[in-house]
Amino acid sequence: MADNVITVWGLCKSYKKQEVLHDFSLTVECGHICGLIGPNGAGKTTIMKILAGLFFQTKGELELFGSSENLDDSRARMSFMIEQPIIAGSMTARQNLEYIRYLRGYPDEKRIDEILELVGLANTGKKRANKFSLGMKQRLGIGMALLPKPEIMVLDEPVNGLDPEGIVEVRQLIKRMQEEWGVTVLISSHLLSELSELCTDFSIISHGELIENLSREELLVKCRGHIALQTDDINKTAAVLEDKLQISDYKVIHGEEIHIFERLGDIPHISKTLTDSGLVITKLNEEGQNLEDYYLEKVGGRNE
């Protein structure tokens, strides 16, 4: 499979005389979770509908799985949940999945049991979907999209309207899809803090224009994320960081706390090295500006 499974560049879309997308570009790598972030009306759903073939761009190019040809064949390897899941409320979770299985021509009936277990709906029995909570409906919608074993899933606002518990459930489900099943995910949301917990890559969009594409690692650097560290001996800690961990990008704050600006994903190793050196750690966690703060800083006065 191509390293880049979705590539769009110079994408424009106009309705009558109003341009809702302008020169938008995006690359999604295989196995990544890419977050398309921006407020309602930014153009996120329009981008996803173009990817699904529901809309056609006014200008620009689109590649799926490394090719701009036979896009409908490529879309057969994808699943989409745009705006909201289409669920038959009079049917059970299993019956909804059976319908999708017939519709997509997927032969393996056992797949339904796998999906029900994965999305946490295995015990809903004969309960009709119109009696489900919003979180259950969202998880069923994701399960319906996941049933035909797509290589890419495009999810439009899957946590919209959910309570905190429902948001966590959907986030965990998406992570399992990526980690256990190798599904590449393009997800949009205006709940920016949720994407910071989930995504490997981000595309910031405002009023139909791309503001910035960046990886999670780049975001942490740009937000000046850091590891906040306190121990029983701050001077010895600084020496251990430099001598044993080769960390030089740090700052001592008020003589009692160290902020480390590199190796942000290496907290367990840092902790072990400090402990093995005889230091007592009283604080060790990742801090810094979050995605929402960064987004607001980037878009400035662009949004109403």
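Model, not experiment: these values are computed from the prediction.

### Some thoughts on the overall build of the protein chain
A tally of helices and strands in the protein chain yields 11 helices and 13 strands. Considering only contacts in the protein chain between residues 6 or more positions apart, those separated by 24 or more positions represent 69%. With the model as given, the accessible surface of the protein chain reaches about 15,200 Å², and the carbon-plus-sulfur share is 46%. Here the protein chain holds 34 positive side-chain charges and 47 negative ones, and the gap between their average locations is 7 Å.

### What to know about the side chain of Gln-138
Here Gln-138 is to be found in helix H5 (residues 134–146). A polar side-chain atom of Gln-138 sits 2.6 Å from the main-chain carbonyl oxygen of Pro-158. Gln-138 has contacts with Met-81, Pro-85, Glu-157, Pro-158, Val-159, Leu-162 and Val-170, leaving out every residue within four places of it along the chain.

### Some remarks on the layout of surface pockets
What the largest pocket holds in volume is close to 500 Å³. Considering the residues around the largest pocket, the lining is formed by 17 residues, among which Phe-80, Met-81, Ile-86, Ile-100 and Ala-145 are closest to the centre. Looking at the lining of the largest pocket, the elements that each hand over two or more residues are strand E5 (78–81), helix H3 (93–104) and H5. Broken down by element, the residue count for the lining of the largest pocket peaks at four residues, all from H3. In terms of residue class, the lining of the largest pocket is built from 12 nonpolar, three polar and two charged.

### Topic: empty space enclosed by the protein
Using the criterion set out here, one finds one cavity of 30 Å³ or more in the structure. Counted as a void, the largest cavity has a volume near 50 Å³. As for the largest cavity, its lining consists of Val-159, Arg-171, Ile-174, Ile-187, Ser-189, Glu-194, Leu-195 and Leu-198. Residue assignment for the lining of the largest cavity shows that the elements contributing at least two residues are helix H6 (164–181), strand E7 (184–189) and helix H7 (192–198). A breakdown of the residues in the lining of the largest cavity according to their chemical character gives five nonpolar, one polar and two charged.

### Focus: the packing of H3 against H5
Where H3 contacts H5, the two axes come as close as 9 Å, and the packing angle between them is 30 degrees. Comparing the axis directions of H3 and H5 gives the class roughly parallel. In this structure, H3 meets H5 at a crossing whose hand is right-handed. For the pair H3 and H5, the contacting residues are Ala-93, Asn-96, Leu-97 and Ile-100 in the first and Leu-140, Gly-143 and Met-144 in the second.

### With respect to the sheet that holds strand E13 (residues 281–287)
Taken together, four strands build an open sheet; the order of strands is E11-E12-E10-E13 and the sheet is antiparallel. Because the sheet does not close on itself, it has two edges, and the strands there are strand E11 (250–253) and E13. Neighbour-to-neighbour, the strand axes of this sheet turn through a mean angle of 20 degrees, independent of strand direction. Each of strand E10 (226–231) and E13 is contacted by helix H10 (residues 267–276), which is oriented at about 160 degrees to E13, the strand it contacts most.

### A closer look at the side chain of Thr-231
Among the secondary structure elements, Thr-231 is positioned in strand E10. Among the polar contacts listed, one links the side chain of Thr-231 to the backbone oxygen of Asp-233, at a separation of 3.2 Å. Polar contacts involving the side chain of Thr-231 include one to the side chain of Thr-237, which spans 2.5 Å.

### Description of H3
Owing to its 3.6 residues per turn, the α-helix brings residues three or four apart onto one side. An ideal rise of 1.5 Å per residue puts 16 Å on 12 residues; H3 measures up with 17 Å between its terminal C-alpha atoms. Positioned one or two residues after H3, Gly-105 has a phi angle of 70 degrees, which is positive.

### Side note on the pattern of salt bridges
Counting across every chain of the model gives 15 salt bridges. Of the charged contacts in the structure, one is a salt bridge between Arg-77 and Glu-151, with a shortest N-O distance of 2.8 Å. In this pair, Arg-77 sits in the loop between helix H2 (71–75) and E5 while Glu-151 sits in the loop between H5 and strand E6 (152–156), placing the two residues 74 residues apart along the sequence. Taking the shortest distance from any N to any O, the salt bridge between Arg-101 and Glu-109 comes out at 3.8 Å. A single salt-bridge network, built from bridges that share partners, covers Glu-98, Arg-101 and Glu-109.

Thresholds applied
- Residues numbered from 1 in each chain as written.
- Predicted model: local features only at pLDDT ≥ 70, side-chain atom pairs only at ≥ 80, totals over all residues.
- Heavy atoms only, no water.
- Helix = DSSP H or I, 4+ residues; strand = E, 2+ residues; numbered from the N terminus.
- Contact = heavy atoms within 4.5 Å.
- Areas by Shrake-Rupley, 256 points an atom, 1.4 Å probe, with all protein chains shown as cover.
- Lys, Arg positive; Asp, Glu negative; His and termini not counted.
- Charge placed at Lys NZ, Arg CZ, Asp CG, Glu CD.
- Polar contact = N/O pair within 3.5 Å; in protein donor to acceptor, adjacent residues only side chain to side chain.
- 1 Å grid on protein atoms, 1.4 Å probe; cavity = no way out; pocket = protein on both sides within 12 Å on 5 of 7 lines; lining within 4 Å.
- Points joined across faces, edges and corners; volume = space filled by probe spheres on them.
- Nonpolar A, V, L, I, M, F, W, Y, C, P; charged D, E, K, R; others polar.
- Axes fitted to C-alpha atoms, helices over the stretch in contact; angles between N-to-C directions.
- Parallel < 35°, antiparallel > 145°, perpendicular 65-115°, else oblique.
- Left-handed = near helix turned anticlockwise from the far one by under 90°.
- Pairing = 2+ DSSP bridges.
- Expected span 1.5 Å × (residues − 1).
- Salt bridge = Lys/Arg side-chain N within 4 Å of Asp/Glu carboxyl O.

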